[in-house]
Amino acid sequence: MPVWQHLYDELKDYGFMVFAVAMESRGPEAARPWIEAAKTTYVSVIDADHRLAELYNMVNVPEAVWIDEAGRIVRPTEVAGSGDYFRKMDRVTRTLPEEGKAMRESMRTRYMDALRDWVKNGNRSEFAFDANAARGHVRKQTEDVALAHCWFRLGRHLHAAGRAEEAEAALAEASRLHPDSWNIWRQMGDMKLEGKPNPDFWGRVDKLGARRYYDKIDMPGMP
Amino acid sequence: MVTLLTERGRYEAAASTEGESLWLPAVALSMATGWELKPEGFCRDEICVPLSRGRESEFRRGEEVDAAKLFRYAGQPLAASRDKSVWSFGTSAAIRSSALESLEAPDIGLPDLAGKVHRISDHRGKKVFLSTWASW
C-alpha cells in the first residue's frame with residue numbers, strides 16, 4: 001500500500017484515482033492497521049463478501065483492473081505486479097533470496113511503469129489494450145465459479161452469525177467449486193483461525209508443482 | 001422470515017419454504033435480486049428467460065413467486081442454509097462473462113473504514129486503478 005500511495009501522490013494531477021479494495025471477511029478491523037499505517041489518501045474500502053471478486057472474476061491478491069475515464073475496462077483482472085518469486089522465500093525467516101528480491105523489484109517496477117505510462121498517455125499507451133485485446137484477456141468463468149460465490153456469501157454470513165460449523169462447510173463447498181480461487185481458500189482459513197497464519201498455506205502452494213500461483217502478466221519482460 | 005443474501009446486500013423477507021421451494025413476495029425477490037416474473041418471462045434488466053406457456057402457475061401463486069424454482073429454471077446459482085432460513089442468490093457465469101466482455105466496468109459501492117460508501121462510478125472522468133489486497 002505505501003507503493004500505491006506513492007503512485008497516487010505522483011499521478012493524481014493527471015486525473016487518476018486508486019480504488020483499493022481490502023478483501024476482509026472479518027470486517028474493517030482486520031484491514032484498519034494497514035490502512036492507517038499507510039495514511040492512504042486514495043479510496044480505500046472494505047469488501048467483506050468479496051463482491052468485487054464475484055463481479056470481476058478475481059482469484060487472488062493483489063489483482064487489478066484498469067478503467068478509463070468513460071468507465072471502460074482497458075486491462076481486465078490481472079495480477080498487479082506480483083509473481084511466484086515468493087515461493088523461494090525462506091519459510092522460517094520469511095526472507096527472499098537475492099534473486100527473488102531482484103525479481104520482485106523488477107516485476108513491480110515494470111508494472112508500475114506501465115501504469116504510469118497509461119495514466120499519462122491514455123489509449124496511446126502500449127499497455128492499454130484495444131477492445132478486442134481487452135476482451136481476449138477476460139478470464140473465462142464457469143457456472144461452478146458462479147455457484148462458489150453463492151456458497152462463499154452464505155458461509156461468510158453464517159460465520160458472522162456464529163454458526164461456525166455450518167459456515168465452515170459452506171466455505172469448503174465454495175472452495176471445492178472454485179479451487180483456483182486463493183481468495184476463497186485463504187479467507188476461509190483466516191476466518192477459522194481469526195487472523196492467525198494458516199499452517200496449511202505452503203503445503204497447498206507446493207501442491208501446485210509447476211503450475212503458477214500468480215498468473216502471468218501479459219506485459220513485455222514479465223516472467 | 002428468511003434472510004436473502006445477494007450481490008445487492010442483505011434482505012429479510014416473509015417467506016415460506018416447502019421442500020425445494022422458496023415462496024416469496026414477488027416484490028421482495030425483485031428488490032433483493034432485480035429478477036421479476038413478467039408476461040415475457042423471468043427477467044432482470046434486458047435479460048429475459050421465457051417460461052413455457054401454461055407453466056406460470058408453477059412459479060407464481062397470487063403475489064408470491066417460487067424464487068428457488070425460478071432461479072434453477074433460469075440457470076442462476078443459489079445456495080441455502082440447512083434450515084432454509086438463509087438463501088444466497090448469485091448470477092450465472094454466462095451473464096457475468098457477457099457483462100465483462102462488454103468492457104463496461106461493473107459498478108459497486110463499498111464502505112471505507114468510517115462506513116462511507118464509495119462507488120467506482122463516482123470517479124468517471126478519471127482513470128481508475130481498481131486494486132485488491134488483504135491482510136491474510
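What you are looking at is a predicted structure, and each value in this text was computed from that prediction instead of being measured. (Residues numbered from 1 in each chain as written. Chains lettered and ligands numbered in written order. Predicted model: local features only at pLDDT ≥ 70, side-chain atom pairs only at ≥ 80, totals over all residues.)

Along its length, chain B carries 4 helices and 14 strands. Based on the C-alpha atoms only, the size of chain B along its principal axes is roughly 50 × 30 × 25 Å. Expressed as a percentage of its 136 residues, the buried residues of chain B come to 37%. Residue pairs at least 24 apart in sequence account for 37% of intrachain contacts in chain B once pairs closer than 6 positions are excluded. (Helix = DSSP H or I, 4+ residues; strand = E, 2+ residues; numbered from the N terminus. Buried ≥ 20, exposed ≤ 12 C-beta atoms within 10 Å, placed from the backbone. Contact = placed C-beta atoms within 7 Å.)

As a further point, take the overall build of chain A. Assigned secondary structure in chain A consists of 9 helices and 4 strands. Helices and strands appear in chain A in the N-to-C order α-β-α-β-α-β-β-α-α-α-α-α-α. Here the C-alpha radius of gyration of chain A, 18 Å, is about what a compact globule of 223 residues would show, namely 17 Å. Dimensions of chain A, computed from C-alpha atoms along their principal axes, come out at roughly 50 × 40 × 35 Å. (Rg over C-alpha atoms; globule rule 2.2 N^0.38 Å.)

Time to look at the interface of chain B and chain A. With 44 residues of chain B at the interface, the matching set in chain A holds 67 residues. Elements with a minimum of two residues in the side of chain B that touches chain A: β10 (78-80), β11 (86-89), α4 (93-101), β12 (109-111) and β14 (127-133) of chain B. Per-element accounting of the side of chain B that touches chain A gives the leading share, 7 residues, to β14 of chain B. Residue composition of the side of chain B that touches chain A, grouped by class: 22 nonpolar, 13 polar and 9 charged. (Nonpolar A, V, L, I, M, F, W, Y, C, P; charged D, E, K, R; others polar.)

In this section: unusual backbone geometry. Residue and element names in this part refer to chain A. The peptide bond linking valine 61 to proline 62 adopts the cis configuration, its omega dihedral lying at -10°. Looking at the secondary structure, you find proline 62 in the loop between α3 (51-56) and β3 (63-67). Positioned with a positive phi, lysine 39 is a non-glycine residue whose angle comes to about 45°. One can find lysine 39 in the loop between α2 (28-38) and β2 (43-46). Classification of lysine 39 by C-beta neighbours within 10 Å gives exposed; the count is 9.

A separate point is the confidence of the model for chain B. Averaged over all residues, the pLDDT of chain B is 96; the fraction at 70 or higher stands at 100%. The ipTM assigned to the predicted complex is 0.97, against a pTM of 0.96. (pLDDT = per-residue confidence, 0-100.)

Below, the discussion takes up the packing of helix α7 (residues 164-177) of chain A against helix α8 (residues 182-192) of chain A. Residues and elements named next belong to chain A. For the pair α7 and α8, the least separation of the axes is 9 Å and the interaxial angle reads 165°. It follows from the interaxial angle that α7 and α8 lie roughly antiparallel. The element α7 and its partner α8 pack so that their crossing is left-handed. Every residue of α8 that contacts α7 at Glu168, Leu171, Ala174 and Ser175 is listed here: Ile184, Trp185, Met188 and Lys192. (Axes fitted to C-alpha atoms, helices over the stretch in contact; angles between N-to-C directions. Parallel < 35°, antiparallel > 145°, perpendicular 65-115°, else oblique. Left-handed = near helix turned anticlockwise from the far one by under 90°.)

For the rest of this paragraph, the subject is the sheet that holds β10 of chain B. Taken together, the 4 strands give an open sheet; going across it, the order is β2-β1-β11-β10 (chain B), and neighbouring strands pair in mixed fashion. Each having just a single partner strand, β2 (9-13) and β10 of chain B make up the two edges of the open sheet. The mean inter-strand angle of the sheet, taken between neighbouring strand axes irrespective of direction, is 20°. By the bridge criterion, 5 bridges tie strand β1 (residues 2-6) of chain B to β2 of chain B in an arrangement that is antiparallel. For threonine 6 of chain B, the partnering residue across the bridge sits in β2 of chain B and is glycine 9 of chain B. Each of β1, β10 and β11 of chain B touches helix α6 (residues 143-160) of chain A; the most contacted strand, β11 of chain B, lies at about 145° to it. Here helix α1 (residues 26-33) of chain B sits on the sheet and contacts β1, β2 and β11 of chain B; the angle it forms with β2 of chain B, its principal contact strand, is near 170°. (Pairing = 2+ DSSP bridges.)

Turning to the sheet that holds β2 of chain A, a few remarks are in order. Here we have 5 strands laid out as an open sheet, ordered β2(A)-β1(A)-β14(B)-β3(A)-β4(A), and mixed in their pairing. Each having just a single partner strand, β2 and β4 (73-79) of chain A make up the two edges of the open sheet. Taken over all neighbouring pairs, the strand axes of this sheet differ in orientation by 15° on average, direction set aside. Across 4 bridges, β3 of chain A lies against β14 of chain B in antiparallel orientation. Bridging from a neighbouring strand, tryptophan 66 of chain A pairs with phenylalanine 129 of chain B of β14 of chain B.

The next point concerns the nonpolar core. Nonpolar side chains in soluble globular proteins tend to be buried together. Among the nonpolar cores identified, the biggest contains 94 residues, and Phe19 and Trp151 of chain A are the most heavily contacted of them. With 9 residues, the single largest contributor to this core is α6 of chain A. In this structure, tryptophan 151 of chain A is in contact with Ala170, Glu173, Ala174 and Leu177 of chain A together with Ala79 of chain B, ignoring residues within four places of it in sequence. (Core = buried A, V, L, I, M, F, W, Y, C linked by C-beta atoms within 7 Å.)

Attention now moves to the environment of phenylalanine 152 of chain A. All names here are of chain A. Considering the arrangement of structural elements, one finds phenylalanine 152 in helix α6. As for phenylalanine 152 and alanine 167, which are separated by 15 residues in sequence, their C-alpha atoms are 8.9 Å apart. Apart from the residues within four sequence positions on either side, phenylalanine 152 is in contact with His50, Leu171, Ala174 and Ile184.

Residue and element names in this part refer to chain B. Listing the buried residues of α1 in full gives Ala28, Leu29, Ala32 and Thr33. Looking straight down α1, one finds that the buried residues subtend no more than 100° of arc, so they occupy a single side. Looking one or two residues past α1, glycine 34 carries a phi angle of roughly 85°, positive in sign. (Arc of directions from axis to C-beta.)

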